[in-house]
Amino acid sequence: MFQPHLAAIRFGTGRSPVHPDPASAQAMLDALSGPDSGAAAFPVSPMDDVLPWVEPYRALVKARNQGDADPQEVLDMLKEIRKSERRHWLEGLASTVSRGVAADDGFRDRLTLFWADHFTAAGRGAFLRNRVDTYVDAAIRPNVAGKFADMLKAAELHPVMLQYLNQNTSVGPGSKLAENRPNRRLGLNENLGRELLELHTVGVDAGYGQEDVRQMAELLAGLNVTNEMEMVFQPGRAEPGAEHVLGFSSSPRRDQLQDILNALDYLAVHPDTAAHLSRKLAVHFVSDTPDEDLVASMAARYRESGGDLMQVYDAMLSHPAAWAPELQKIKRPVDYVTSALRGLGADPHALVATARETPRQTYRDLVNPLIFMGQRWGEPDGPNGWPEEGAAWITANALAQRLKWAMRASSMPGVPAMAEPLQLAEAALGPLAGERLRFAAGAAETRGEGIGLVLISPEFQRR
Amino acid sequence: MQDFSRSARLTRRTLLRGFTGCCLAASPLVTPVTLASAPSDHRLVVIVLRGAMDGLDVLRPVGDPDYAALRPGLAAGPEALPLDGFFALHPELAELMPLWQAGQLGFAHAVSTPYRDKRSHFEGQDILEAGLPAMEGAHSRDSGWLNRLAGLIPGATARTAFAVGRESDLILRGPAPASNWYPQRADTLSPQGKRLAELVFHDDPLFRDQAARMFELAAEDAESADRSQPQHVQVAEYLSQQLLGETRLAAFSITGWDTHGGQEAALKRPLKQLRETILHLQAGLGPVWDRTAIVAMTEFGRTARENGTKGTDHGTGGAMLMAGGAVRGGKVFGGWPGLDEASLYDRRDLMPTGDVRALAAGAIRTLYGTGAGDLERTVFPGLDMGGAPQIVL
């Protein structure tokens, strides 16, 4: 059952020389339902920061189109936007890592990464390209301890998601807009409708078909993104008539957002959603082939509570299979570097300050190593997110990149001079540090190499 | 299409297992096996030109009556090298002219993937590498066409398909075992540190096997590399070594083609890298060059018209380059659509008249004897190979 060091490693952002391991599963849940101190201490740039660019840019593009502005000016402004936005993006990455390093208990941070991956989105377009962290901070993180329905609605209706899955180009074929503009070949884009069913709610194994996808897409038509980067429902783009998706029926009027919200509420508590999400959580936190009883008890609690995520986490943390001693999962690169910096006792404020003051350093220490380890921050391979299977992450090439990073980790900004590699093994792994590792950490020729060996050990890379 | 996505879904777990594959564990300290035991003697090297290469500038249709007017600035620069009377080659590729004359350099023009209209680099490259008609469904990015081809080659080992690059690119991602390495300084560990690392990895099979492979690839790299050379030359030389050994399918990228402004200057670096890469592969491969086909493809072409910043914007049809002793060089393949406004795609881009996948499929069929059914269903699902010219000997 519950083991403090496993709680920190498997469900948190790793062990720390500064923060004690969680005392109990209940303490983890209590912390999760309390205030989010990490978000307050390490803020992520809000959408407001990009809005001042929107009007000047659109005005300039218009002027260029009318021949009143040099095309070079448009490129120059785009470059400026990109430069400014990349700074926010870089600080967003540093903040995310810092939150995990600084957390009393990194369960919230891990859940945020899990749900952000579940609702994978990448930024598209001049203004939203670097706004994934903004999306996660607004739609995902505040909802990880609530009802799934609330997170679902916040994620699907966020402008970053609407743009990523092309909802802003989807128009009901029978809508007023399509009828008034027959020459523009307006029509549905099924992308969001499909992923909403296949990935975000009931899952690919649920009993739905192409007709459900089509009707879902028709139901979503009308959602758009405004110039102020806000979600808007435009009745003129909506498909008239009632839509039917997996037993849900909308009103036939279809002139309001409420039908979409009702459908999302319905899908959020669908039994297939309960099964899909419970298994996914168990796969992410515990094992690629999770104990069936663990999954079943989580799914039961999901159904009983109407998708109350705290209840589902409680079911997971109170099941013995969640505490199996064997470390079956591999840390993804972002989790890997976060837990390494945490184990080294890095100063989280220094990480953020470095990103702000010497961004090149953060590119060298975080951004580029993460890319080479296979996880490009903010740019996932596809809407199905990052792989779970350890074999996808531990390839010869990726392992070489982890090794390279590990050997440099002790000299990164904010990392205090640590006396002995063995101390790191103790602080970061405790009882999990094997005999071979303890020997190697003590036998290394240099401190940096000894620390690197601890960080590259299978014990440390697994959870 | 349906069948493909379902099978991709079913194999997701086996897919990821494929990265470690049984064969890796079983092959420490591999010395290149004899060529006779390898599945085919031919080498296919795919260069992904990321950023959308301007085919109309690299392979200039100087014989088209509308060309000069569309590109007054670009056409007026240093003179292009006449190829066949209609097309002329960008002057930065002048060093490749002997290959053209020897019939070992060719092109296809007005070609593209099936990607249309949105002109996004991300999606365009995904479609190029996935080899699919569209990126639909969550699993469309689970495998690339070169990996699916590797899966069809009998007797393939993890060395048969080799990607050189820091990232694991989509084109070679998937269930078939494949290797990936990036030439780099490997003095991360002292000799003592390496022994200790092996000790630390020893009890965990996943780490032990991948570490063995990592040390093996790093050692080969350290042996053959000249670190004073630019990175793209190191890549070409490293890849030559692999192609002289077991490797039959290889992929890597050259970036820097997104020339929205100041194109004349901006194209110099990527063209130099492309030219030097090809020449270093030729030199490095020696007699194997005769059995090698290099194809360089890009996600889409660029606008027919020069823009207001002496560059070009994202377009549709573009050019593909092929080189090597195994290609049918000395000619430009493809049906030329013309550049008058009515002939342009959307009245702005070169109209694609051929699918790069069909050209690649035809080459694969000849090089590896892969059946049309496998090519049209597995390697390039939904492709119709019919009518594509044969670009290899």
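These numbers come from a predicted model, not from an experiment.

Caption draft 1: Quick look at the overall build of chain A. The number of helices and strands found in chain A is 26 helices and four strands. Expected size for 463 residues packed as a compact globule is a radius of gyration near 23 Å; at 24 Å, chain A falls within 12% of this value. Projected onto the principal axes, the alpha-carbon positions of chain A cover approximately 75 × 60 × 40 Å. Buried positions account for 53% of the 463 residues belonging to chain A. In chain A, of all internal contacts separated by at least 6 residues, the share reaching a separation of at least 24 is 71%.

Caption draft 2: Quick look at the overall build of chain B. Across its full length, chain B holds 15 helices and twelve strands. A separation of at least 24 residues holds for 74% of the contacts in chain B among residues at least 6 apart in sequence.

Caption draft 3: Layout of the nonpolar core. Of all hydrophobic cores here, the largest spans 247 residues; its most connected members are A:M316 and B:M320. Two domains each provide a minimum of three residues to this core, namely domain 1 (164-268) and domain 2 (333-461) of chain A. Among residues more than four places away in sequence, those in contact with B:M320 are B:F107, B:A108, B:V111, B:V295, B:A296, B:M297, B:V356 and B:L359.

Caption draft 4: Just the pairing of strand 8 (residues 249-255) of chain B, in detail. All names here are of chain B. Of all seven residues in strand 8, six are buried, a share of seventy percent or more. Direction of pairing for strand 1 (residues 43-50) relative to strand 8: parallel, over a ladder of seven bridges. In the strand pairing of strand 8, L44 is matched with L249. Pairing analysis gives three bridges linking strand 6 (residues 161-164) to strand 8, with the strands arranged parallel.

Caption draft 5: View of the interface of chain B and chain A. On the chain A side, the residues contacting the 41 residues of chain B number 41 residues. At the level of elements, helix 2 (12-25), strand 7 (179-181), helix 9 (191-201) and helix 10 (205-224) of chain B are the ones that each hand at least two residues to the side of chain B that touches chain A. Looking at the side of chain B that touches chain A, the element that brings in the most residues is helix 10 of chain B, giving eight residues. Taken together, the residues of the side of chain B that touches chain A break down into 16 nonpolar, 16 polar and nine charged.

Caption draft 6: Molecular detail of the sheet that holds strand 2 (residues 59-60) of chain B. Residue and element names in this part refer to chain B. Overall, antiparallel pairing links the three strands, which are arranged 2-4-3 in an open sheet. Unpaired on one side and paired on the other, strand 2 and strand 3 (81-82) mark the two borders of the sheet. Where strand 3 and strand 4 (residues 88-89) come together, two bridges link them in antiparallel fashion. For P82, the partnering residue across the bridge sits in strand 4 and is A88.

Caption draft 7: Seen up close, unusual backbone geometry. Residue and element names in this part refer to chain B. You will see that D117, though not glycine, has its phi angle at about 75 degrees, which is positive. Topologically, D117 is positioned in the loop between strand 5 (105-112) and helix 7 (121-130). In the Ramachandran plot, D346 falls in the positive-phi region, its phi being about 60 degrees despite a non-glycine side chain. With respect to the helices, strands and loops of the structure, D346 is situated in the loop between strand 11 (332-333) and strand 12 (354-355). Given 12 C-beta atoms within a 10 Å radius, D346 is considered exposed.

Caption draft 8: Structural detail: the domain arrangement of chain A. Once the domains are mapped, chain A shows domain 1 (164-268) and domain 2 (333-461). Here domain 1 of chain A and domain 2 of chain A have C-alpha centroids that lie 43 Å from each other.

Caption draft 9: Seen up close, the environment of B:L375. All names here are of chain B. Counting through the fold element by element, L375 comes out in helix 15 (residues 372-379). Sequence-wise, L375 and L206 are 169 residues apart; in three dimensions their C-alpha atoms are separated by 33 Å. Other than its neighbours up to four places away in sequence, L375 contacts A361, I364, R365, T370, F380, L383 and M385.

Caption draft 10: Up close: the pairing of strand 6 of chain B. All names here are of chain B. Side chains A161 and A163 of strand 6 all project onto a buried face; the interleaved residues F162 and V164 project onto the opposite face, where all are buried too. Note that strand 6 and strand 7 share three bridges and pair parallel. Each bridged residue has a counterpart across the sheet, and for V164 the counterpart in strand 7 is W181.

Caption draft 11: Here's a closer look at helix 16 (residues 292-305) of chain A. Residues and elements named next belong to chain A. With 14 residues, helix 16 should cover 20 Å at 1.5 Å per step; its first-to-last C-alpha distance of 20 Å lies within 8% of that length. L294, V295, M298, A299, R301 and Y302 are the residues of helix 16 that are buried. The arc that holds every buried residue of helix 16, seen down its axis, measures 160 degrees, which confines them to one face. Among the exposed residues of helix 16, those oriented more than 90 degrees off its buried face are E292, D293 and E304. Count one or two residues on from helix 16 and you reach G306, which has phi positive near 65 degrees.

Caption draft 12: Quick look at the packing of helix 22 (residues 396-409) of chain A against helix 10 of chain B. Look at helix 22 of chain A against helix 10 of chain B: their axes get within 8 Å of each other, and the N-to-C directions meet at 85 degrees. By the criterion of interaxial angle, the relationship of helix 22 of chain A to helix 10 of chain B is roughly perpendicular. Of helix 10 of chain B, the residues touching helix 22 of chain A (which contributes A:A396, A:L399 and A:A400) are B:Q210, B:A211, B:R213, B:M214, B:L217 and B:A218. In the contact of helix 22 of chain A with helix 10 of chain B, the residues fall into seven nonpolar, one polar and one charged.

Caption draft 13: Focus on the environment of A:L264. Residue and element names in this part refer to chain A. Its location among the elements puts L264 in helix 14 (residues 258-268). Taking the number of C-beta atoms within 10 Å as the measure of exposure, L264 has 24 and is therefore buried. For the pair L264 and A149, spaced 115 residues apart in sequence, the C-alpha separation works out to 6.8 Å. Setting aside residues no more than four positions away along its own chain, L264 makes contact with A149, L152, K153 and E156.

What counts, and at which threshold
Residues numbered from 1 in each chain as written. Chains lettered and ligands numbered in written order. Predicted model: local features only at pLDDT ≥ 70, side-chain atom pairs only at ≥ 80, totals over all residues. Helix = DSSP H or I, 4+ residues; strand = E, 2+ residues; numbered from the N terminus. Rg over C-alpha atoms; globule rule 2.2 N^0.38 Å. Buried ≥ 20, exposed ≤ 12 C-beta atoms within 10 Å, placed from the backbone. Contact = placed C-beta atoms within 7 Å. Core = buried A, V, L, I, M, F, W, Y, C linked by C-beta atoms within 7 Å. Domains from an automatic or database assignment. Pairing = 2+ DSSP bridges. Nonpolar A, V, L, I, M, F, W, Y, C, P; charged D, E, K, R; others polar. Expected span 1.5 Å × (residues − 1). Arc of directions from axis to C-beta. Axes fitted to C-alpha atoms, helices over the stretch in contact; angles between N-to-C directions. Parallel < 35°, antiparallel > 145°, perpendicular 65-115°, else oblique.

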